[in-house]
Each structure stands twice: as structure tokens, then as C-alpha cells.
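What the coordinates show
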Amino acid sequence: MTTRSDLETAWDSVVCEARKARSSRIIDLFDDTDRVEQFSISALGMLFDYSKTHIDVAARDSLLNLARAARVESIRDAMFSGARINCSEDRAVLHTALRNLSGAPVMVDDVDVMPRILETLERMKDFASDVRAGCFTGQGGMITDVVNIGIGGSDLGPAMATRALSPFHDGPCCHFVSNVDSADLADVLGGLDPATTLVIIASKTFTTIETMTNAASILKWMSVHVADPAAQCVALSSATDRVAEFGIPPERVFGFEDWVGGRYSVWGPIGLSLMIAIGPEEFTEFLAGGEAMDVHFRAAPLAENLPVLLALVGLWHHQGMGFPTRAVLPYEHRLNRLPAYLQQLEMESNGKRVGQDGQPLPHGSGPIVWGEPGTNGQHAFFQLLHQGTEIVPCEFMIGAKGHEPDLAHHHRLLVANCLAQSEALMKGRSLSEACEIAASMGYSGDMLMAQAEHRVFEGNRPSTTLAYPCLTPRVLGQIVALYEHRVFVEGVILGLNSFDQWGVELGKELAKRLEPLLAGEAPSDDVNQSTLRLATFLRAPE
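In short, a report on the structure.

**Comments concerning helix α18 (residues 445–454)**
Every buried residue belonging to α18 is among L448, Q451 and A452, and all of these are buried. For α18, the angular spread of the buried residues around the axis is 105°, confining them to a single face. In this structure, α18 carries D446 and H454 as exposed residues pointing more than 90 degrees from its buried face. The elements touched by buried residues of α18 are α17 (431–440).

Encoded structure:
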């Protein structure tokens, strides 16, 4: 006799609760005067409010039971212990070790990896300090600019964090080149002096085609003005043999292991550009924030656990309520690269069609993630969020204060807008209220009703808000680690491997085969006629 697993039963319970919730209104849940206390979490100086969702006590209980049935806690502990939870690549998952400032042992195959991690961190600090102090110079004097060449996690993480922490910059100016489009490289190099520019080449394998193409071009640019371009280069890679071919000496090579995925790598050598910009002390604060979130994630009960609740709300909206996308809306201009960073983190991690066992998933995988900072988004796509036919759960972020005390009135307006948007999404505006507005404008009869309909907001649109004191290195570390663990929890419950990315391979393979065609070579027989026609049109003139 076939019996249903606890996990299947837990999923059914979530789906059942979601079916009931679709006919409810969020605002009515606030008839319970304790709702805000019951549906918010305070931890690490941050407040996560998920009260403006359809989740009630029964729904939350079903979600927590789902997490237990999926063994989130035991798999979490396995990850931190160095178990090979990346099943398709047979690897451990230990980006958390990069921010393990306590130095407590972390074992992989019976070897403590922490001594090597801490040694690399100290080498990074020494080099960053030398660059910032002028002890390491270019061939034209003190380093004024740093160009980080990478793509994906080797670009998005440090680029996002460097932008976010700009108030803490007191080192060389940092620039980022990722796209193989020549415009990206040309626009960055246009105002730089090759003799005072440090180049960081970030590629674990030193074979990533976009990164290595950009690296070769920047070295050529430098060679016109300096005698030894490699003397102003750093490699963030574990492929020592390939790095040596570039003439970069071992003391300027910072490697990391295969148990650190690219999109989780900003905590280690990939964060060198950030460390040079803000200094080793503030970079350590960034690591400390991530470590604090790790401690919270491992110790807090599920019902009081920030990453767990953030993940469960996401699963509720996507798998339960059937909303296909989520919008990340930081009301913090310096987090303008965070939505793109979280796109990769979520969609590369959980955008899978099969589970750990290689079988098709019985439910949807991760959602589409997108967003833009407020208040800019309000004058762009918020129209659809409020009155469109698709419901988009929104994730707001806001700090209690900014870094410009003389512009505090700007920040008050920013906070007011953030709170107003989540309130408006939930409450909406009724037809009777809209009729009063239209009547006050002088409309009557059929015209009054037509005008009123344009001003109706259905409301009942869910959102969460993550509030924090101020965007500091420590707080940014907490936020990034929070979302990393959120993605992990979602992946565990969905039953997929969040730490591989086979979906990026096929297009890369085909690009290598098509490039010769664009150079004038005869096409292979398996090139689609549409692709051949486009390639013929796009082939560069001789």
C-alpha cells in the first residue's frame, strides 16, 4: 500500500491554506490587534514585517510544518559542517566559512579549511593596505583606480557592495567591467591613467571567455603606456598555472576553493575590490554582519528565524498563491544594484526543472525576481503594481536613517514614501471613495462613474518590509547573508540543488561554435536557418 510522505502532506496543507486565503482580504486580518507583533520578527537590530500578507496563524503553521518536513534544520547543519550537499557536482557548500571570523574549525574531508581561509584573508588585508597607503604603486605612482574584471558572481557581488558602501570609501576609485561588449570596457577605461590603474582579474578557472577577453584587451591598453602591465595586475583565481601565463606572481594571486560558488563569493578574494575601496577594517565589519546572520540562522527557532520566515513567505506567494514574480524594492539609492544581485542569487540558484534526484519537480521552482530602488520605481512600474491585472508581491527595504544628516528631510520623505506604498498596496481605494473624489472634481452622471473607475485601487496586494538602522558594512553583510540563506531554505523545501548552474552552459557552448561563423567560416550543418540568416546579417564587414 502506497502512503503519502510527510512532505507531500505538508505541501497539501500549504496549498489548502492558500486556496482559502485567496478569498480573504489582508486588511481584515488586522482585526486581530496583536497581528503586527505576531507577524514580525526583530533580530540583529533589524525588523522584518510580514503582516501585510495573506498569511494567518493556520497558514504560518502549515508553512513551518513544511520546513520541518523538508528537514531544513538538519540540511542547514549539514551545509555548515562541510557535507557535500551540492549533489550534482559532489561538493561541499561553504561560503559561510569565508566569514567565519571566530576561526572555529570547519571540516571538509577531515581537513580544517579555516587556517587557509584566514591566511588568505590576512594576505588580502596586507595587499589592500599596501595599495591604499601607496606602498604598492603603479608605474606612474600611487594607485588611483581599480578595475575589477569579472562576470556573474565575480562582478555582481563586489559591484553591488562597493556601490552600497560608497559613504565608507576612502581608497582608490573602483570600477567594474563585466560585459564582453566592447562598450563596457571602453567606457570604463576612457578616463583612466594606465600607469596608476590596478587591474583585478576575477575568474576561478581563468577560462571564462568574457573575463579573459576583457583581461587581454585591458593588458593591451596598458602596454601602450607602461613597460610591464602584469606588474599592475592581481588574479582572483585558483588556476595558478593559467595565471602564471599572464605573468602575475604568486604573491598577487588569491585563490578560493570549489566549495565557494561564484554568486556566493563576495566574502572572500572576489571582494578584494571592496576591501581596497573601504579598507580592511570595514570589510571585516561586512564579514561580521554575515557571520552574525549565520549564527542567527543556526540558532533561532524556525518561527523566529529571519531567513526561514523570508523563505516561507516567498514560497507562500509563489507556490501557494501562484504569483509568478516578486519585486525587490530597496528604498536606499545605494542599493540600486541589489535587485540585479538578488536576481542572480535566486534565479541561478533555484531556477531548476529537476530535483536532487534528477526527476522533474512536482511543483514550480523559483520565481522571477526583479526590482528597482524607490522612489524611482514609483514613477515607472508601480502603476502595474497597484492597478495591473497581475499581482506582484513586493519586498520593501528601508533604513531608519541615511548618511547625509544635512539632508535628513530627504530621508524622511523617502521613508514616508516606502511606508505609504506598502499601505496603499494593502488598503487600496474603494469605488465609493473614488466616486467622492470624482464628484469633488465636478464630474456627475455616467462621466462620474467612468472617472471613478480609473481611480479605484483593488488593494489586497501583499508586501513585506525589512527595516534596519542604517546601511553600514555590518548591516549590508546581514542583508546579503539573509538572502543567501533564504535562497537555501527555499531550495531545500523545493527539493532542488541551489548550488549548481548547468543552465548557463548550453548557450556558452553554442557561442563558441558560432563565433567562427561570424568571422567568415563556413557554417556547420546543424546551424538553424534563422541563426544562419541573422549571423549573415550581423557579420562584421571585412
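So much for the structure itself; the text now carries on.
**Description of the nonpolar core**
With 113 residues, the main nonpolar core has L476 and I493 as its most contacted residues. Sequence-distant contacts of I493, that is, excluding residues within four places in its chain, are made with W11, L66, A67, A70, V72, L312 and L315. Core analysis: the second largest hydrophobic core is formed by 23 residues, I149, V188, V226 and V243 among them.

**Examining the sheet that holds strand β10 (residues 233–236)**
Working definition: the strands of a sheet are paired by backbone hydrogen bonds and lie parallel or antiparallel to each other. Sheet architecture is open: four strands sit in the order β8-β7-β9-β10, paired in parallel fashion. In this open sheet, the two edge strands, each paired with only one partner strand, are β8 (173–177) and β10. Ignoring which end each strand starts from, the neighbouring axes of this sheet average 20° apart. Sheet analysis places strand β7 (residues 145–149) next to strand β9 (residues 197–202), joined by five bridges and oriented parallel. Across the sheet, residue D145 finds its bridge partner in β9, namely T197. Sheet strands in contact with helix α8 (residues 182–189) are β7 and β8, and its direction is about 165° off that of β8. In the packing of helix α9 (residues 209–223) onto the sheet, contacts are made with β7, β8, β9 and β10, and the angle to β9 comes to roughly 160°.

**Looking at the sheet that holds strand β11 (residues 325–331)**
The strand order across the open sheet formed by six strands is β1-β2-β14-β13-β11-β12, and the pairing between neighbours is mixed. Each edge of the open sheet carries a strand with a single partner, namely β1 (40–43) and β12 (368–371). Mean inter-strand twist for the sheet, computed between neighbouring axes without regard to direction, equals 15°. Across the sheet, helix α16 (residues 408–427) is in contact with β11, β13 (394–399) and β14 (463–468); its angle to β13 comes to roughly 155°.

**Observations concerning the pattern of salt bridges**
Taken as a whole and judged by the stated rule, the model has 24 salt bridges. With a shortest N-O distance of 2.6 Å, E395 and R486 are connected by a salt bridge. Linking E395 in strand β13 with R486 in helix α19 (residues 473–494), this pair joins segments that are 91 residues apart in sequence. The exposure class assigned to R486 is buried, which follows from its relative accessible area of 0%. Put simply, R326, E346, E395, R486 and E490 are held in one network by salt bridges that share partners.

**Topic: the layout of surface pockets**
The space that makes up the largest pocket amounts to roughly 1200 Å³. Forming the boundary of the largest pocket are 41 residues, of which T208, Q501, V504, E505 and K508 lie nearest the centre. Mapped onto the lining of the largest pocket, the elements with two or more residues apiece are α7 (153–164), α9, α14 (338–350) and α20 (505–518). For the lining of the largest pocket, the element with the most residues is α20, which contributes four residues. Looking at the lining of the largest pocket, its residues break down into 13 nonpolar, 16 polar and 12 charged.

**Let's talk about the environment of L306**
With respect to the helices, strands and loops of the structure, L306 is situated in helix α13 (residues 306–320). Separated by 57 residues in sequence, L306 and P249 place their C-alpha atoms 43 Å apart. Sequence-distant contacts of L306, that is, excluding residues within four places in its chain, are made with I41, A43, M46, F48, M293, H296 and L482.

**Concerning unusual backbone geometry**
G374 connects to T375 through a cis peptide bond whose omega is 15°. Positionally, T375 belongs in the loop between β12 and α15 (382–387). Its identity as a non-glycine residue notwithstanding, R71 has a phi of 65°, on the positive side. Along the polypeptide, R71 turns up in the loop between α4 (57–69) and α5 (72–81). Residues other than glycine seldom take positive phi values, yet N460 does so here, at roughly 60°. Along the chain, N460 falls in the loop between α18 and β14. The exposure class assigned to N460 is buried, which follows from its relative accessible area of 13%.

Criteria and thresholds
- Residues numbered from 1 in each chain as written.
- Predicted model: local features only at pLDDT ≥ 70, side-chain atom pairs only at ≥ 80, totals over all residues.
- Heavy atoms only, no water.
- Buried < 20%, exposed > 50% of the residue type's maximum accessible area, 1.4 Å probe, protein only.
- Helix = DSSP H or I, 4+ residues; strand = E, 2+ residues; numbered from the N terminus.
- Arc of directions from axis to C-beta.
- Contact = heavy atoms within 4.5 Å.
- Core = buried A, V, L, I, M, F, W, Y, C linked by side-chain atoms within 4.5 Å.
- Pairing = 2+ DSSP bridges.
- Axes fitted to C-alpha atoms, helices over the stretch in contact; angles between N-to-C directions.
- Salt bridge = Lys/Arg side-chain N within 4 Å of Asp/Glu carboxyl O.
- 1 Å grid on protein atoms, 1.4 Å probe; cavity = no way out; pocket = protein on both sides within 12 Å on 5 of 7 lines; lining within 4 Å.
- Points joined across faces, edges and corners; volume = space filled by probe spheres on them.
- Nonpolar A, V, L, I, M, F, W, Y, C, P; charged D, E, K, R; others polar.

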